[in-house]
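# Topology and contacts: notes
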Amino acid sequence: MSFLALLIILLFGAGLFWLIAYLLRRRMQRVAIVIASIGTLIALFLLALWLVEISGWQREGLYKQLSYGLEQEDIIDFIEYQDDIQETSMLMMSMSGTALTQMAALNSEHQDFAEEQLTWMVGYLTNEARFPVWREKRGWSQQLFFLTHAAIVMAHYQSATADTLHDDRWKQVVTFLHSGIRRSQYKHLASRPHDSALRPADNAAALYALKLYDDYHGTDYALRAGEDWSNYIRKELQYEDTKLPCAGFTVTNRCRLSPVGGSLAMLNAYSEAADLPISRDFWREFRYYYKESFVNVFGWVNVMARGEDLPDFCEASMKPLLCEHYQYETSLAQYAAAQRKDWITYYQLNNSMLMTDFFRPPNRLWQKPPQEKVRGMVNLAIRLAAVTKP
């Protein structure tokens, strides 16, 4: 299917030049030769981009960059002692866990490194001294973000190592998320204390955490909670004339946080990972309103839908990520496309990111301050998760 996607992209990228050259071959022979040559160069360029991905060269490059960051003492120390970037670090660990687990499945040589990193991550996230929330279960209904990404890391840790050390705690978290979403009047839990809105993207991530538990233990938590969550969105939360929800809504179902490309790309990525049927509606609408392309060869995701202005509090809609930063929208959309096996969209987005890498190589990230390194590692982990998706 990936080769078929390449042919379709070649048809749009180079085929037009070849068609024009064919039509001009008799009247303007020299012009036709030049146009045909341009088309051939474009075809070779697109073929080269495809080979970079299909050969594993891109995958190994992203893995090398992410693993380099995970081994840097200054980054580890920064994560250990800086609370103001804690949620970004959690997301980085969660996404890295997914990417490293998939990478180890593709190449067993990376298994030891995956286990080593997941051991550090799960140790960090289950430290009760660092996270008193583990002892304060009454507040769990307002700790969806933390519990979700802790559960995702525990899932990857146990799957990779077969160590059941954290199995009881994993079960407690998953059971709470399942019952909490189902019993909630709004079928959503609060991401963090004092948050201004309930966030569908974060709750979709929670459903993905349930799916990981189901896959390992043979339960059906994600299916049951996912049905309730999906039905509530269909009935109450569709934004204007779309089938997409707000980035955040209040208990009166009022849209408090406008949807942006990053929040919706994350919603698509996690709802597809959770295998929710509603993800088909999300993906169709998301591509229509937010995805752009240049002659169907290079694709990217806009921060806002066409014709809409950037909201005043864009970062609030993507918390803890930043708007217009590191192409999170495009990376998350590629991860969603990989899961949906939408290879045309996948390669369009990948082509644009490879071009960005050419002008701004990923290794420039290591020249930045520690907080920017952690934010950049989130993007590296998302991209590696996309290109290693089976």
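It should be noted that the structure appears before, not after, this text.
Notes on the structure follow. Treat the numbers as computed from the prediction; the structure is a model and nothing was measured. Just so you know, the residues in each chain are numbered from 1, in the order the chain's sequence is written. Only residues with pLDDT of 70 or above have their local features reported here, since the model is predicted, and side-chain atom pairs are shown and tallied only from 80 upward, although totals for entire chains, interfaces and linings are computed over all residues. Note: side-chain values were computed over all heavy atoms of the structure, leaving out hydrogens and water.

### Let's talk about the side chain of H156
Where we set the bar: Each helix is a run of H or I in the DSSP string that is no shorter than four residues. Each strand is a run of E no shorter than two, and both are numbered from the N terminus. The rule is simple: take the accessible area with a 1.4 Å probe, protein chains only, and divide by the maximum for that residue type; under 20% is buried, over 50% is exposed, in between is partly exposed. A contact between two residues is defined here by any heavy atoms of the two lying within 4.5 Å.
By the element assignment, H156 lies in helix α8 (residues 144-161). We classify H156 as buried; its relative accessible area is 7%. In this view, H156 contacts S94, G97, T98, T101, L118, Y208 and L212; residues no more than four positions away in its chain are not counted.

### Thoughts on the state of the cysteines
Stated precisely, the cut-off is as follows: Disulfides are defined as pairs of cysteine sulfur atoms found within 2.5 Å of each other.
Inspection of every chain in the model, using the stated rule, returns 2 disulfides. A sulfur-sulfur separation of 2.0 Å characterises the disulfide bridge that pairs C246 with C255. Here the S-S torsion is close to -125°, and the disulfide linking C246 with C255 is therefore left-handed. For C246, a relative accessible area of 9% corresponds to the buried category. Here C314 is linked by a disulfide to C323, with a sulfur-sulfur distance of 1.6 Å. Residues C314 and C323 are joined by a disulfide whose S-S torsion is about -65°; by sign, that bridge is left-handed. In terms of burial, C314 and C323 fall into one category: buried. Cysteine pairing for the protein chain (bonded cysteines numbered in sequence order): 1-2, 3-4.

### So, the environment of T40
Keep this limit in mind: Between N or O atoms, a polar contact is any pair within 3.5 Å; within protein, one atom must be a potential hydrogen donor and the other a potential acceptor, and residues adjacent in sequence are included only when both atoms are from side chains.
Note on placement: T40 falls in helix α3 (residues 29-54). Within the structure, the side chain of T40 is placed 3.4 Å from the side chain of W18, a separation counted as a polar contact.

### Comments concerning helix α4 (residues 57-70)
Convention followed: One fewer than the residue count of a helix, multiplied by 1.5 Å, yields its expected span.
Across its 14 residues, α4 extends 20 Å between first and last C-alpha, which sits within 8% of the 20 Å expected from 1.5 Å per residue. Listing the buried residues of α4 in full gives Q58, L62, Y63, Q65, L66, S67, G69 and L70.

### Notes on the side chain of D202
Formally: Only four residue types enter the charge count: Lys and Arg as positive, Asp and Glu as negative, with His and the chain ends excluded. Any carboxyl oxygen of Asp or Glu that lies within 4 Å of a side-chain nitrogen of Lys or Arg is treated as forming a salt bridge with it.
Counting through the fold element by element, D202 comes out in helix α10 (residues 200-217). For the buried D202, which has no salt bridge, the nearest side chain bearing the opposite charge is R192, at an N-O separation of 4.1 Å. A polar contact of 2.7 Å, which involves the side chain of D202, links it to the side chain of S191. Those residues within four positions of D202 in sequence are excluded, and the remaining contacts are L144, F145, T148, S191 and R192.

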